[in-house]
Amino acid sequence: MTGLERVAWPPAPIETERLVLRESEARDRAVFIELSASPEVGTYLGGSRPRDELERMVPEVPGRRPGLFVIEFDGAMIGVIELNRRDAEHRSQVRPDAGEAELGYLLLPEAWGRGFAAEACAAALGWFADALPGEPVVLYTQTVNDRSMRLAAKLGFTEVQRFEEWGAEQWMGVWSSATQSG
């Protein structure tokens with residue numbers, strides 16, 4: 001992730017009231033597979049992937065890259081959160097030089113509706129604001145994904161635009177630590 005090369009990775013685990021955000025480990029592999037194989041998780045992401053394909057492709061220690069945190073609750077992985085640098089080919093950049101960071105998250109269905117996504121995203125955005133002050137973060141979701149739309153509003157993302165892609169209306173919002181603190 002461009003920009004994070006000047007930030008020590010992985011950072012120390014981030015602890016919230018109920019969660020720990022940490023680097024992935026070998027013990028997380030099964031949950032990485034479950035997240036990608038779950039039809040519920042894939043509803044707004046183009047669908048799930050075949051479990052047998054994932055079993056062959058997912059590395060022993062999956063997701064070990066700058067910007068990706070495992071979300072842990074009571075000692076068990078329940079999802080992931082990622083801040084990924086977008087490239088210039090992606091539409092609707094908010095920075096003149098493009099390359100803004102994009103927030104993404106996936107949680108197991110049994111973790112939905114408990115405030116974990118909001119808690120984890122707020123912690124990750126706080127870490128990002130400290131690591132790269134003033135850098136904007138974008139979030140994309142389908143407008144029919146009510147949960148993600150509510151989460152974006154709760155986190156302070158401001159709508160930039162809506163557009164049609166992948167057969168559905170997409171929503172793009174932007175967040176910046178500069179606008180959150182001022």
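All values reported here derive from a predicted model rather than from experimental measurement.

Trainee: Help me understand helix α3 (residues 116–131), please; the structure alone is not making it clear to me.
Mentor: Because an α-helix packs 3.6 residues into every turn, residues spaced three or four apart end up facing the same way. Between its first and last C-alpha atoms α3 spans 22 Å; for 16 residues at 1.5 Å apiece the expected length is 22 Å, and the two agree. With 13 of 16 residues buried, α3 is to be regarded as a mostly interior element.

Trainee: Before we go on, may I ask you to explain the nonpolar core in this structure?
Mentor: Grouped burial of nonpolar side chains is what soluble globular proteins tend to show. In this structure, L21, I81, L103, V137 and F157 are the most contacted members of the largest nonpolar core, which totals 37 residues. Taken together, the elements giving at least two residues each to this core come down to β2 (19–22), β3 (68–73), β4 (76–85), β5 (101–107), α3, β6 (136–142), α4 (146–155) and β8 (168–176). Looking at this core element by element, the count peaks at 12 residues for α3. The residues contacting L21, other than those within four sequence positions of it, are P13, I14, F69, V70, I81, A120, A123 and A124.

Trainee: What's the story with the environment of L108 in this structure? I'm lost.
Mentor: Examined against the element boundaries, L108 turns out to sit in the loop between β5 and α3. Its relative accessible area of 8% is what places L108 among the buried residues. Sequence separation between L108 and S36 is 72 residues; the distance between their C-alpha atoms is 9.8 Å. Leave out the neighbours within four places in its chain, and L108 touches V31, E34, L35, M77 and I78.

Definitions and cut-offs
- Residues numbered from 1 in each chain as written.
- Predicted model: local features only at pLDDT ≥ 70, side-chain atom pairs only at ≥ 80, totals over all residues.
- Heavy atoms only, no water.
- Helix = DSSP H or I, 4+ residues; strand = E, 2+ residues; numbered from the N terminus.
- Expected span 1.5 Å × (residues − 1).
- Buried < 20%, exposed > 50% of the residue type's maximum accessible area, 1.4 Å probe, protein only.
- Core = buried A, V, L, I, M, F, W, Y, C linked by side-chain atoms within 4.5 Å.
- Contact = heavy atoms within 4.5 Å.

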